[in-house]
Amino acid sequence: MSILVTDAAFGVGEWPRPDLPMRPVPCGFACPCAPCARAELMAFCCAQTRDVTVLRRRDYAQVCRMPAAPGTNLMCFSPCCRYLYQLGSDADCVHVRAVATGELLFAAPVGVFPRHMRLHPDGSRLLVAGGAMDEAYVLAAPGLNRLAGIGTRYACFAADFWRGGLVLVCATDGEDIQTVVYTLPPQALKPRELTRLPGQPGGLCVCPDALHALVSTREGLMLLDLIGGRLLWNLPQWALSVRLECRGALALVSGALTGQVGLLDVRTPWNGRVLVSGVEPQACFLPGGG
């Protein structure tokens, strides 16, 4: 299971397998962040220069260098690898750029300080949590025309696709902040509150089985039953992890308060391991085994 990690402390690294040493990836960025990968491409942003580089995985040759959206904190490739989506939290926007040339093709406003987006597996829709806004947005991809706005009672911090519908994670108002998890089944008119968890929200990732989701709050990383709303386990050491990815039963956890990247099996999470420690490391899975 190959993994790509970025951090200001060590730059960019790749694990061909978690049991092997990290392999440095040359990129020339002082503060690399927001890693993403698909097929034979990888990309990351520099928080200082606001540039993005796209590299070929097999030899780390640069495919393109392009500007980043202001405050880019998340990126993803389209399934065809022709487009790179950038979520810019400082400018409250999404940019779509051509991977081959870096040209800005589409842009759209989304929320206030948005920090989470998901591209549908078929590449047809982009889901963006509104950040400080009580709303999530479904945009056509790659053109970014707005297809729907989903109103929530509270500020929407994270969102993911689920069984033809959506899962939304919000933060309540006031001093005693709680994490509210909503589900929106297909054709439903409004989100349904599934459960409330203590503390402010971090990240969200719906598991491949579509029955569970990883939700991070100030209290820890939790596995949530999306049908009944039950918590199945909680790992306090991974509190407020904002980047969560699943590949089969494996979960990749980064953007945590501890400054660590972790890999765990959702069936036996207590056997998880810390891959690396840094300043603010972020990680993503690399497709395939290479």
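Above: the structure in question.
What counts and what doesn't
Residues numbered from 1 in each chain as written. Predicted model: local features only at pLDDT ≥ 70, side-chain atom pairs only at ≥ 80, totals over all residues. Heavy atoms only, no water. Buried < 20%, exposed > 50% of the residue type's maximum accessible area, 1.4 Å probe, protein only. Helix = DSSP H or I, 4+ residues; strand = E, 2+ residues; numbered from the N terminus. Pairing = 2+ DSSP bridges. Core = buried A, V, L, I, M, F, W, Y, C linked by side-chain atoms within 4.5 Å. Contact = heavy atoms within 4.5 Å. Salt bridge = Lys/Arg side-chain N within 4 Å of Asp/Glu carboxyl O. Phe/Tyr/Trp six-rings, centres within 6.5 Å; stacked < 30°, edge-to-face > 60°. 1 Å grid on protein atoms, 1.4 Å probe; cavity = no way out; pocket = protein on both sides within 12 Å on 5 of 7 lines; lining within 4 Å. Points joined across faces, edges and corners; volume = space filled by probe spheres on them. Nonpolar A, V, L, I, M, F, W, Y, C, P; charged D, E, K, R; others polar. Axes fitted to C-alpha atoms, helices over the stretch in contact; angles between N-to-C directions. Patch = residues over 30% accessible without salt bridge, like charges linked within 9 Å, V, L, I, M, F, W, Y side chains within 5 Å. Areas by Shrake-Rupley, 256 points an atom, 1.4 Å probe, with all protein chains shown as cover.

**Q** How should the pairing of strand β17 (residues 165–171) be read in this particular structure?
**A** When a strand is regular, its side chains alternate between the sheet's two faces. Counting buried positions over the 7 residues of β17 gives 7, a clear majority of the element. Judged by which residues are buried, β17 turns out to be covered on both faces: Gly-165, Val-167, Val-169 and Ala-171 on one side and Leu-166, Leu-168 and Cys-170 on the other are all buried. With 7 bridges joining them, strand β16 (residues 155–162) and β17 adopt antiparallel strand pairing. Directly across from Asp-160, in β17, lies its bridge partner Val-167. If you look at the hairpin formed by β16 and β17, you'll find 2 residues sitting between the two strands, and Arg-163 has a positive phi there, around 50 degrees. Both β17 and strand β18 (residues 178–184) contribute to a ladder of 6 bridges, which runs antiparallel. Considered in β18, the bridge of Cys-170 is made with Val-180. In sequence, β17 turns back onto β18 through a hairpin of 6 residues, with Gly-174 there showing a positive phi of about 90 degrees.

**Q** It is not clear to me how the nonpolar core should be interpreted in this structure. Could you clarify?
**A** Note on soluble globular proteins: their nonpolar side chains tend to be buried together. Grouped together as the largest cluster of nonpolar side chains are 17 residues, with contacts concentrated most on Tyr-85, Met-117, Leu-126, Val-128 and Leu-144. The biggest single contributor to this core is strand β9 (residues 83–88), with 3 residues. In this structure Val-128 touches Leu-87, Val-94, Val-110, Pro-114, His-116, Met-117, Ala-136, Tyr-137 and Leu-139, once residues within four positions along its chain are discounted. In this structure, Cys-45, Ala-68, Cys-81 and Val-99 belong to the second largest nonpolar core, which totals 16 residues.

**Q** Where do I start with the pattern of salt bridges in this structure?
**A** Two side chains that carry opposite charge are able to pair once their charged atoms sit near each other. By the definition in use, this model includes 10 salt bridges. The salt bridge involving Asp-90 is made with Arg-50; its shortest N-O contact spans 3.8 Å. Residue Asp-90 is found in the loop between β9 and β10 (93–98), and its partner Arg-50 is found in the loop between β5 (41–46) and β6 (51–56); the two are separated by 40 residues along the sequence. A salt bridge links Glu-245 to Arg-243; the nearest nitrogen and oxygen atoms lie 3.8 Å apart.

**Q** Looking at this structure, I do not really get the packing of aromatic side chains. What am I missing?
**A** Here the distance between the centres and the angle between the planes together describe a pair of aromatic rings. In the structure shown here, the tally under the stated rule is 1 aromatic pair. With a centroid separation of 6.5 Å and an interplanar angle of 85 degrees, the aromatic rings of Phe-29 and Phe-44 are classed as edge-to-face. Note that Phe-29 is positioned in the loop between β3 (23–24) and β4 (32–38) and Phe-44 in strand β5, a separation of 15 residues in sequence. Here Phe-29 matches Phe-44 in class, with each residue buried.

**Q** It is not clear to me how the layout of surface pockets should be interpreted in this structure. Could you clarify?
**A** Gaps between atoms show up when a probe of the same size as a water molecule is rolled over them. Counted as a void, the second largest pocket has a volume near 270 Å³. In this structure, the second largest pocket is lined by 19 residues; those nearest its centre are Val-138, Ala-148, Ile-150, Leu-166 and Leu-184. Where the lining of the second largest pocket is concerned, the elements lending two or more residues are β15 (146–151) and β17. Per element, the largest residue contribution to the lining of the second largest pocket is 5 residues, and it comes from β15. Per-class residue counts for the lining of the second largest pocket are 12 nonpolar, 5 polar and 2 charged.

**Q** Looking at this structure, I do not really get the sheet that holds strand β8 (residues 72–77). What am I missing?
**A** Backbone hydrogen bonds hold the strands of a sheet together, and the pairing may be parallel or antiparallel. Pairing within the open sheet is antiparallel, and its 4 strands lie in the order β8-β9-β10-β11. Two strands in the sheet have a free side with no partner beyond their single neighbour: β8 and β11 (104–109). When the angles between neighbouring strand axes are averaged without regard to direction, this sheet yields 20 degrees. The pairing of β8 with β9 spans 5 bridges and is classified as antiparallel. Its bridge partner lying in β9, Cys-76 is registered against Tyr-85.

**Q** Hey, could you run me through a nonpolar patch on the surface in this one?
**A** A contiguous nonpolar surface patch, about 250 Å² in accessible area, is contributed by Val-112, Phe-113 and Met-133. Its location among the elements puts Val-112 in the loop between β11 and β12 (117–119).

**Q** Before we go on, may I ask you to explain the pairing of strand β14 (residues 135–140) in this structure?
**A** The element β14 is largely enclosed, with a buried count of 5 among its 6 residues. Inspection of the sheet shows strand β13 (residues 125–129) paired to β14 by 5 bridges, in the antiparallel sense. Its bridge partner lying in β14, Leu-127 is registered against Val-138. As defined by bridge partners, β14 adjoins β15 across 5 bridges and the pair is classed as antiparallel.

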